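Here is how the chains run, residue by residue.
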Amino acid sequence: MPRDPVPLGFVFRSRAKEEKAAGAAQAQLTDSKQPRDPQAPKGRPTPKRSEAQSQRRSVANTSMTRKEAAKRQREERRAALERQRKALAGGDERYLPARDKGPVRRFARDFVDSRFNIAEYFLPMAVVILVLSMVRVPALQSIALLLWLVVIVLIVLDSFVTGFRLKKRLAERFPDENRRGAVAYALMRSLQMRRLRLPKPQVKRGERP
């Protein structure tokens, strides 16, 4: 019994499907043989060479930007320190450190700088007493010990009087301001020699602050 002829369109469609499937398999095999970029995330296709180069360029540009930002920050810090140094020498309130800012701290500095303080001569007197105590003469060593006791007593009394007067003046002058730590700040300043104080003194001795 003769078979029915196969339609011609069916033959062409089957052959086209077979060629398409073979091309897909060949492309998959080629992709599997392509080396995977170690920087590419898992489960994602390996980027092309041009894409990888552009990514590396962007990373390089980012690192340069970070270097520039770090350099700019260093320059800003250096400029801030320079402004602070000039402010300590000239008394510019805008750039002083936080511990020296404010009208209360300024008044405390002026109060100490306008007075004669025994404590500011503590370091020179301590050097003299130390030299006398090293001399192998019992009389000089006794004098050095006595001088040491006298200096300590005078400094304590002078600091007590200075702190008491300053506290009273601050309460009268700045009743609504925060005065915490101002007296201790002034007493620490009184221990320094006048020419070495920072910020630099802005009033003369005997001048009313």
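Residues numbered from 1 in each chain as written. Predicted model: local features only at pLDDT ≥ 70, side-chain atom pairs only at ≥ 80, totals over all residues. Heavy atoms only, no water.

(A) Up close: the overall build of the chain. A count of helices and strands for the chain gives six helices and zero strands. Listing the helices and strands of the chain from first to last along the sequence gives α-α-α-α-α-α. Counting every position in the chain, which comprises 209 residues, the buried fraction comes to 22%. Excluding contacts between residues fewer than 6 apart, the proportion of contacts in the chain whose partners are at least 24 apart in sequence is 63%. Surface summary for the chain: the accessible area is close to 16400 Å², and the carbon and sulfur share equals 60%. (Helix = DSSP H or I, 4+ residues; strand = E, 2+ residues; numbered from the N terminus. Buried < 20%, exposed > 50% of the residue type's maximum accessible area, 1.4 Å probe, protein only. Contact = heavy atoms within 4.5 Å. Areas by Shrake-Rupley, 256 points an atom, 1.4 Å probe, with all protein chains shown as cover.)

(B) Examining a positive patch on the surface more closely. Taken together, K71, R74, R77 and R78 make up a surface patch of like positive charges. Secondary-structure assignment places R78 in helix α2 (residues 49-90). (Patch = residues over 30% accessible without salt bridge, like charges linked within 9 Å, V, L, I, M, F, W, Y side chains within 5 Å. Salt bridge = Lys/Arg side-chain N within 4 Å of Asp/Glu carboxyl O. Lys, Arg positive; Asp, Glu negative; His and termini not counted. Charge placed at Lys NZ, Arg CZ, Asp CG, Glu CD.)

(C) Focus on the side chain of R109. Within the element layout of this structure, R109 appears in helix α3 (residues 103-113). Of note is the side chain of R109, whose polar atom sits 3.2 Å from the side chain of Y185. Residues within four places of R109 in sequence aside, it is in contact with E93, L96, D100, Y185, R189 and P199. (Polar contact = N/O pair within 3.5 Å; in protein donor to acceptor, adjacent residues only side chain to side chain.)

(D) Here's a closer look at the packing of helix α5 (residues 138-173) against helix α6 (residues 182-190). The N-to-C vectors of α5 and α6 enclose an angle of 140 degrees; their axes lie 10 Å apart at closest approach. For the element pair α5 / α6, the angle class is oblique. Crossing of α5 against α6: the hand is right-handed. Here S159, T162, G163, L166, K167 and L170 of α5 come into contact with α6, specifically with A182, V183, A186 and L187. Tallied by class, residues from the contact of α5 with α6 come to six nonpolar, three polar and one charged. (Axes fitted to C-alpha atoms, helices over the stretch in contact; angles between N-to-C directions. Parallel < 35°, antiparallel > 145°, perpendicular 65-115°, else oblique. Left-handed = near helix turned anticlockwise from the far one by under 90°. Nonpolar A, V, L, I, M, F, W, Y, C, P; charged D, E, K, R; others polar.)

(E) Representation of the nonpolar core. Core analysis: the biggest nonpolar cluster contains 11 residues, these being V104, F107, A108, F111, V112, L166, L170, F174, A182, Y185 and A186. Among the elements of the structure, α3, α5 and α6 are those that each provide at least two residues to this core. Ranked by the residues each element gives to this core, the list is headed by α3, at five residues. Residue contacts for A186: discarding those within four places in its chain leaves A108, V112 and L166. With five residues, the next largest nonpolar core counts I129, A144, V151 and I155 among its residues. (Core = buried A, V, L, I, M, F, W, Y, C linked by side-chain atoms within 4.5 Å.)

(F) Geometry of the confidence of the model for the chain. Looking at the chain as a whole, its pLDDT mean stands at 78, while 69% of the residues score no less than 70. Within the model, the stretch residues 6-13 combines pLDDT values under 50 with one contact to residues more than four positions away or in other chains. (pLDDT = per-residue confidence, 0-100.)

(G) Molecular detail of unusual backbone geometry. Of note, the amide linkage connecting L198 to P199 takes the cis form, showing an omega dihedral of -5 degrees. Topologically, P199 is positioned in the segment after α6.

(H) Fine view of empty space enclosed by the protein. Using the criterion set out here, one finds one cavity of 30 Å³ or more in the structure. Roughly 50 Å³ of volume is contained in the largest cavity. G91, R106, R109, D110, D113, P199, K200 and Q202 together form the lining of the largest cavity. Considering only residue class, the lining of the largest cavity consists of one nonpolar, two polar and five charged. (1 Å grid on protein atoms, 1.4 Å probe; cavity = no way out; pocket = protein on both sides within 12 Å on 5 of 7 lines; lining within 4 Å. Points joined across faces, edges and corners; volume = space filled by probe spheres on them.)

(I) Broad picture of the packing of aromatic side chains. Summed over the entire model, instances satisfying the criterion amount to four aromatic pairs. Aromatic pair F122 and W148: ring centres 6.0 Å apart, planes at 50 degrees, arrangement tilted. Here F122 is found in helix α4 (residues 122-134), whereas its partner W148 is found in helix α5, with 26 residues between them in sequence. A relative accessible area of 33% means that W148 is categorised as partly exposed. Members of the aromatic cluster, each reached through a chain of ring pairs, are F107, F111 and F174. For R105, the ring lying beneath its charged end belongs to Y185, and the centroid distance is 4.9 Å. (Phe/Tyr/Trp six-rings, centres within 6.5 Å; stacked < 30°, edge-to-face > 60°. Lys NZ or Arg CZ within 6 Å of the ring centre and 35° of its normal.)

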